[in-house]
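Notes for the structure review
Chain residues, written in single-letter form:
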Amino acid sequence: PAMAPASDWPESLGPSLAAVATIAVVGGALALSRRAARAAELRRLLTGAHSHVMTAAAARWLAAHSRSVTVPGLRVPAGTSRVVVEASSDSQAASALARAACPRGADPSVLANALACVRAWRAYENLLQALDALAGAPFDSGDAAHEAALEGIWRALCPGKERQGGRISRDWEDIGFQGTDPATDFRGMGALGLRHLADVARRRGAFARGEVAAYAADAHRHFPLAITSINCSGWLRDLAQEGTLAPELFQGGCAMEAADEVHGRMLEAFARLWREKRPKTVMDFGEVQGAFMEAARAAARRGEPAFPI
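Residues numbered from 1 in each chain as written. Predicted model: local features only at pLDDT ≥ 70, side-chain atom pairs only at ≥ 80, totals over all residues. Heavy atoms only, no water.

1. A word on the environment of Ala98
Positionally, Ala98 belongs in helix H3 (residues 90-101). We classify Ala98 as buried; its relative accessible area is 0%. It is 8.8 Å that separates the C-alpha atoms of Ala98 and Leu42, two residues lying 56 residues apart in sequence. (Helix = DSSP H or I, 4+ residues; strand = E, 2+ residues; numbered from the N terminus. Buried < 20%, exposed > 50% of the residue type's maximum accessible area, 1.4 Å probe, protein only.)

2. Some thoughts on the packing of aromatic side chains
Two numbers describe a pair of aromatic rings. These are the distance of the centres and the angle of the planes. One pass over the structure, following the stated rule, counts 15 aromatic pairs. Taken together, a centroid distance of 5.4 Å and an interplanar angle of 75° make the contact between Trp154 and Trp172 edge-to-face. Of the two residues, Trp154 sits in helix H5 (residues 144-157) while Trp172 sits in the loop between H5 and helix H6 (190-203), which places them 18 residues apart along the sequence. For the pair shown, Trp154 and Trp172 are each scored as buried. Relative to Trp274, the ring of Phe223 has its centre 5.6 Å away and its plane inclined at 75°; by these criteria the two rings are edge-to-face. Here Phe223, found in the loop between helix H7 (205-217) and helix H8 (225-242), pairs with Trp274, found in helix H10 (residues 256-277); they are 51 residues apart in sequence, far enough to count as distant. Exposure remark for Phe223: the relative accessible area of 0% places this residue in the buried category. According to the relative accessible area criterion, Trp274 is buried, its value standing at 3%. One aromatic cluster in this structure is built from Phe223, Trp235, Phe270, Trp274, Phe285, Phe292 and Phe307. Positioned over the ring face of Trp154 is Arg163, at 5.2 Å from the centre of the ring. (Phe/Tyr/Trp six-rings, centres within 6.5 Å; stacked < 30°, edge-to-face > 60°. Lys NZ or Arg CZ within 6 Å of the ring centre and 35° of its normal.)

If you want it as structure tokens, here you go:
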């Protein structure tokens, strides 16, 4: 039965119960208003022509409201702004997302955009798995492809120069490895670190050779290129797991080549920051790295790509 107005309650109930009832009614109305506002915001984000910007914005919306909104088939891992598609069907998850945006019935264009977002989120997770698999594959000195990639790095960064001692040589330190055998430096990032460094040497040769020359001129103050590139592969994985690099990777279709490109841009951005910070010694590497990672996260919080493709 409907509750009688507070004005019709017996005086014995006192004003306190009337106040409580009023607060409950107002609170319920506010909750409904908040839900409607959230739905309207999501509907706005999913309206218009689909793009990587829309996909990233919808992911941020889900992350921002993950405690108050449940969309069946979609999950935001704690501490991230990325979306994991757990539904067996993309269309099932898209329908749930469209219902969250349009509780009274989804507009066909909103449903189509929701489906495009879900597919992009699934592709993003597939890319993360591929990055993890490469990072977990150790550098293998018995693998001809690995050795060829390593020699290609040397030739690109030190054209025309022969190493003293052959495969095991102190000359590897000239391009930023930490010892006589580069294989030991790839232990943390495996084949992913090798792939990224080879990509930098091949497609960003002028930049890379410039950093090698700067290190040769002042190894006390400049960063070593090779190990920094390998570290950068780890930074990319960390930021991608957080969702920080989602705008860039969505823009690149979540392809492995997009991750290669983002890695190269990250390394170039780190080099620029190093020069801006002007650290006294290479021992300040951690401080510059911290500032670099925070700048990337700050851009993501603003909804901007930190390293646009």
